[in-house]
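The residues making up each chain are set out below.
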Amino acid sequence: MSIRLPASARREQLLEVALGVFARQGYHGASMNDVAEAAGVTKPVVYQHFDSKRDLYLALLDEVGERLLTAIAKATAGATSGKHQTELGFQAYFRWVADDHDAFLLLFGSGARRDEEFNDAVRKVTAQVAEAIKPLIAADIDPEHQRTVAHGLVGLSEGVSRRLVDNGTDFDPDLLARQVSDLAWAGLRAVGRPAER
């Protein structure tokens, strides 16, 4: 028998449990019964909060994206220089991958991109992360160039993380952040407006 929780707390609990279920089994492999069983509730309780498995999965993608954005925003708020900001941003990202492994798998490793609606949700998260770091790029470039560089940095982070997660490699997120931010900072220092031809 499950403990009766307020609606908002139950919703959060279901999202947390569903994260593990979907990260391990993928969208198509998991069922609402699996989520209910893992949460210690009946399936009708899950349906009180989410209209369908698709609704639950989309809510979860939003939740995970929000966690990542919050982590990066908090980490970079106290930066004292552009280089420091770059390192703190990567540090937040790689700590998120290390500490919230299931969230990374849900966004980037669970096959979410094979479904058009889920792919749009993942692209939205990626775009939001890029928009969040765009203002941190302190270079004399136009906004669209900034946006392109920001998406490149997000892709760099995702690519490095995917390799580590796919290989099951243990890693020190702080060391990895320093290594990747050194590469990114060297590139960012060279970014500027193209010379007039």
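Please refer to the structure higher up on the page.
Residues numbered from 1 in each chain as written. Predicted model: local features only at pLDDT ≥ 70, side-chain atom pairs only at ≥ 80, totals over all residues. Heavy atoms only, no water.

## Comments concerning the layout of surface pockets
By rolling a water-sized probe across the atoms, one finds the places where empty space is left. Going by this rule: Residues are called lining when one of their atoms sits within 4 Å of a cavity or pocket point, these points coming from a 1 Å grid over the protein atoms alone, where a cavity is a set in which a 1.4 Å probe fits but cannot get out and a pocket is an open set with protein on both sides within 12 Å along at least five of seven lines. Grid points are joined across faces, edges and corners, and a volume is the space filled by probe spheres set on the points. Put simply, DSSP marks the helices as runs of H or I at least four residues long and the strands as runs of E at least two long, and each gets a number from the N terminus on. Note that Gly is not counted as nonpolar here; it falls among the polar residues with everything else outside the nonpolar set of Ala, Val, Leu, Ile, Met, Phe, Trp, Tyr, Cys and Pro and the charged set of Asp, Glu, Lys and Arg.
Its volume calculated, the largest pocket comes out at about 280 Å³. Together, 18 residues line the largest pocket, and Thr 86, Phe 90, Ile 133, Leu 136 and Leu 153 are the ones closest to its centre. Elements that contribute at least two residues to the lining of the largest pocket include exactly helix H5 (82–99), helix H7 (116–133), helix H8 (143–167) and helix H9 (173–190). It is H5 that provides the largest number of residues to the lining of the largest pocket, a total of five residues. Split by residue class, the lining of the largest pocket holds 13 nonpolar, four polar and one charged.

## Points about the pattern of salt bridges
Defined as follows: Definition used for salt bridges: Asp or Glu carboxyl oxygen within 4 Å of a side-chain nitrogen of Lys or Arg. Burial classes: relative accessible area under 20% of the type maximum marks a residue as buried, over 50% as exposed, and values in between as partly exposed (1.4 Å probe, protein chains only).
Applying the stated criterion across every chain, the model contains 11 salt bridges. Lys 124 serves as the salt-bridge partner of Asp 62, at 3.8 Å between the closest nitrogen and oxygen. Of the two residues, Asp 62 sits in helix H4 (residues 53–76) while Lys 124 sits in helix H7, which places them 62 residues apart along the sequence. By relative accessible area, which is 43% here, Lys 124 ends up partly exposed. Between Glu 158 and Arg 162 there is a salt bridge, and its shortest N-O distance comes to 2.5 Å.

## Details of helix H1 (residues 7–29)
Selection criterion: To estimate how far a helix should extend, the number of its residues minus one is multiplied by 1.5 Å. Only heavy atoms enter the contact rule, under which two residues are in contact if any of them lie within 4.5 Å.
When the terminal C-alpha atoms of H1 are compared, their 27 Å separation across 23 residues is substantially less than the 33 Å that a helix rising 1.5 Å per residue should span. Taken residue by residue, H1 has Arg 10, Leu 14, Leu 15, Val 17, Ala 18, Leu 19, Gly 20, Val 21, Phe 22, Ala 23, Gly 26 and Tyr 27 as its buried positions. In the core, the buried residues of H1 are packed alongside helix H2 (32–39), helix H3 (43–49), H4, helix H6 (101–108) and H7.

## Some thoughts on the packing of H8 against H9
How we decide: Axis definition: a line fitted to C-alpha atoms, over the contacting stretch in the case of helices. Angles run 0 to 180 degrees between N-to-C directions. Throughout this description, any angle smaller than 35 degrees is read as roughly parallel, any larger than 145 degrees as roughly antiparallel, any in the 65 to 115 degree range as roughly perpendicular, and the remainder as oblique. Take the far helix as your reference; a near helix turned counterclockwise from it by less than a right angle gives a left-handed crossing, and one turned clockwise gives a right-handed crossing.
One can describe the packing of H8 onto H9 by two numbers: an axis separation of 12 Å at closest approach and a directional angle of 150 degrees. As judged from the angle between their axes, H8 and H9 are roughly antiparallel. Crossing handedness for the pair H8 and H9: right-handed. Across the interface between the two elements, Val 149, Leu 153, Leu 156, Val 160 and Leu 164 from H8 touch Leu 176, Val 180, Leu 183, Ala 184 and Leu 188 from H9. In the contact of H8 with H9, the residues fall into 10 nonpolar, no polar and no charged.

## Considerations on H7
Defined as follows: As used in this structure description, the phrase polar contact means that two N or O atoms lie within 3.5 Å; if the pair is within protein, one of them must be able to donate a hydrogen and the other to accept it, and residues adjacent in sequence are counted only when both atoms belong to side chains.
With 18 residues, H7 extends 26 Å from end C-alpha to end C-alpha; this agrees with the ideal 26 Å at 1.5 Å per step. Of the positions making up H7, those classed as buried are Phe 118, Asn 119, Ala 121, Val 122, Val 125, Thr 126, Val 129, Ala 130 and Ile 133. Those residues of H7 hidden inside the fold are in contact with H1, H4, H6 and H8. Its side-chain oxygen placed 2.9 Å from the backbone nitrogen of Glu 117, Asp 115 serves as the N-cap of H7.

## Considering the environment of Glu 66
With respect to the secondary-structure elements, Glu 66 resides in helix H4. Given a relative accessible area of 46%, Glu 66 falls into the partly exposed group. Separated by 59 residues in the primary sequence, Glu 66 and Val 125 place their C-alpha atoms 8.0 Å from one another.

## What about the side chain of Asp 100?
Along the chain, Asp 100 turns up in the loop between H5 and H6. Since its relative accessible area comes to 15%, Asp 100 is described here as buried. At a separation of 2.8 Å, a polar atom in the side chain of Asp 100 contacts the side chain of Arg 67.

## Quick notes on the environment of His 151
Checked against the element boundaries, His 151 lands in helix H8. Taking the C-alpha atoms as reference points, His 151 and Gln 128, separated by 23 residues in sequence, lie 9.8 Å from one another. For His 151, the contacting residues outside a window of four places in its chain are Thr 126, Ala 127 and Ala 130.

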